[in-house]
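Commentary on secondary and tertiary structure
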Amino acid sequence: MTKRRLILLSLIALAFVAFFLSGADQLLTLDNLKAEQARFQAWLAEEPFTVAGGFFVIYVVMAALSLPGATLLTLLGGALFGFGWGLVIISFASTLGATLAALIARTLAREPLEQRFAIQLERINAGIRREGAFYLFTLRLIPLFPFFVINLVMGLTRMRLTTFYWVSQLGMLPGTAVYVNAGRELGHLESLAGILSPGLIGSFVLIGLFPWLARALVSIARRRRLARRFARPRRFDHDIVVIGGGSAGLVASYIAAAVKARVALVERDRLGGDCLNTGCVPSKALIRAARVAHEIREAPRYGIQVGAPSVDFPAVMAHIHGAIREVEPHDSRERYEGLGVKVMAGEARLADPWRVGIRDATGERLLTTRHVIIASGARPRVPPLPGLEAIEVLTSDNLWQLEVLPGRLLVLGGGPIGCELGQSFARLGSHVTLVEMGDQLLPREDRDVAAEIEARLDEEGVDVRLATRALRVVPEPDGAGHRLVVASGETESSLSFDRLLVAVGRQANVEGLGLEALGVETRPDGTLAVDDTLQSVLPNVWACGDVSGPYQLTHASAHQAWHATVNALFGELKRFRVSYRALPAVTFSDPEVARVGLNEREALEQGIACEVTRYSLADLDRAIADGHREGYVKVLTVPGKDRLLGATIVGQGAGEMLAEFTLAMTRGIGLNKLLGTIHPYPTRSEAVKATAGVWKNAHKPERVLRWLERYFAWRRGRATPSRESAEVSKTTGS
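These lines cover the structure that appears in this document, whether it is placed above or below. (Residues numbered from 1 in each chain as written. Predicted model: local features only at pLDDT ≥ 70, side-chain atom pairs only at ≥ 80, totals over all residues. Heavy atoms only, no water.)

1. Remarks on the packing of helix α12 (residues 247–258) against helix α20 (residues 554–570)
- Contact geometry of α12 with α20 gives a least axis separation of 8 Å together with a crossing angle of 40°. Taken together, the axes of α12 and α20 are oblique relative to one another. In the crossing of α12 with α20, the sense of the turn from one axis to the other is right-handed. Facing α12, whose interface residues are S247, A248, V251, A252, I255 and A256, α20 presents T554, S557, A558, A561, W562, T565 and L569.
- Its residues assigned to classes, the contact of α12 with α20 shows nine nonpolar, four polar and no charged. (Axes fitted to C-alpha atoms, helices over the stretch in contact; angles between N-to-C directions. Helix = DSSP H or I, 4+ residues; strand = E, 2+ residues; numbered from the N terminus. Parallel < 35°, antiparallel > 145°, perpendicular 65-115°, else oblique. Left-handed = near helix turned anticlockwise from the far one by under 90°. Contact = heavy atoms within 4.5 Å. Nonpolar A, V, L, I, M, F, W, Y, C, P; charged D, E, K, R; others polar.)

Structure, rendered in structure tokens:
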């Protein structure tokens, strides 16, 4: 504890002791105030400024220290100063005192409590960020919430004190007025309960709900103002029109059809989107082929003698396209039409909030719909690099049309896609150079995680260049190939390549949908601006998947699609806010990197205190038997508790092992219960139980164990353990 905090805490403690030892708590009773009312009135008549000033200071101090008696002081103020001056004096004194109370709570307790109860306080802070002053204003208006509790809790949040002051000044005014007015009849009051009748409390509750209603009305008015320019149809062709047939659009269509809504799905290219055609499926087929080649090279370590693998690249690509064809029926037009979805091919554009124009080779038609779900996906981002226009750039979109294995492949970007594809092509025989502008691979992961991947890529011959900026593309002097000019610090150099693969992120597909004309905004990163129910500024236009962010993952798209569809169809009854707290993510490098929840980097950035438990896979029997002992499990928990904040796994099969931690976080299962769960032996899933065991061992009850040691020694009929040791030493002569 700092010296400033210690001094402040000591002063507060002294004030509390003085308050109760002086008997002030006994003086501040309704009967005593009624008995002394005449004397107080006479004193005020003699020295009005002294009494008013002293009253103001005493009120501020009592409110600041959360001492009991503020309600009775308010009554006394009404009796002494009348309604007008009493309301002015008490309103400012109570607000100033409340602000000081919040400041004291912030100074003394916010930092330690933020570390221990970070998640709970973050929820309150999120409410403040979302609702602004309305959040506090509502609490102030409803007298069911004790004001001193609100002061202390709000002091622990990130609300600005100036905002706290003016909102409190306004929000406490109605309640203060009621008590000050009651104070004018102090002599006739029998109890404090007589001030607030059930009817009056009910009125306050209704007043307290007003800010929420006002916020909702303002939001509705804003949306209706945009929609007022367009004529709403009397009848609708569909309940929902989904734009985009990727992961998000397919799930949204499936859910809508399942509840018997009339839904149309519009896709301009191929159903299945990036995941099926250019993303998840082909990349995993490529990774598998590359892993086979790598396993053949590693065969001698298991006693299997084989020659070096011969890679038939066209056959590898045929395997990839075969995998796409095998999965394709899951996302086919026939399947979804069989489910009741009207599937349409063409370009979709919103004519207004309720009309979607569909243009195809035969012309254009107009659909009317109650709701629109935009799931138009994203595409690879290509940076504006000088000279890039002179070459055919590879991306995750067109990579799958390669017919010849590149001899020299340069990968621009060290995120998950860059690491996965770079390692795979290196294993197939390309000389791969990977350029990353940041100082580590996988920028969202912890440094130790990125270091594991970097070490493996380096071991397998990938030339990793970190903290290196791409400047321009220039041709080789002899015209055979190109070079990428890069800068590392102040030093420039060039890297030769045959093909350049750009993997620096993805940008949302928002162009050509007519959204700008309708007032639907985009965020700075280019994704559509939606709230946490996935609703846009227009009341019937929703978005999900890569086009809305923030996580461009197939399972995140499906998660969002459920929320967008259910909120669109049933939002008048209940809405569901999308949560990413237990969203898993896997980088399918070798070793794999799998994570759910927070990692150490994020916990540090957000100021969340956590306890880190690690378990090395080198100690896992199955990993030893497989000969793949690299990697570890790292778990973040609330300090001193087994509640999970996040888990990261690095190693073979990390993505499969992660599911148990994801379930635990989703359902609130702690490490103690994971430890008590039977896991089959020998499997990699035992690493989950072993990690829980490491945590449990670090939190074993040492005092209880010492008593148990004495208990068992007594049961054996011997002395205490210390005396046993002495007797053994005496017997052995040591």
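2. Some points on the sheet that holds strand β18 (residues 592–597)
- A sheet is described by the order of its strands in space; here five strands give the open sequence β17-β18-β21-β20-β19, paired in antiparallel fashion. Two strands bound the open sheet, and with one partner strand each, they are β17 (584–587) and β19 (611–616). Taken over all neighbouring pairs, the strand axes of this sheet differ in orientation by 10° on average, direction set aside.
- With six bridges joining them, strand β20 (residues 632–637) and strand β21 (residues 644–651) adopt antiparallel strand pairing. Note that in β21 the partner of V635 across the bridge is A647.
- Set on the sheet, helix α18 (residues 447–459) makes contact with β18, β19, β20 and β21; between it and β20 the angle comes to about 165°. (Pairing = 2+ DSSP bridges.)

3. Looking at a nonpolar patch on the surface
- Taken together, the side chains of V704, L705, L708, Y711, F712 and W714 define a hydrophobic patch exposed on the protein surface, amounting to about 600 Å² of accessible area.
- Along the chain, V704 falls in helix α26 (residues 702–715). (Patch = residues over 30% accessible without salt bridge, like charges linked within 9 Å, V, L, I, M, F, W, Y side chains within 5 Å. Areas by Shrake-Rupley, 256 points an atom, 1.4 Å probe, with all protein chains shown as cover. Salt bridge = Lys/Arg side-chain N within 4 Å of Asp/Glu carboxyl O.)

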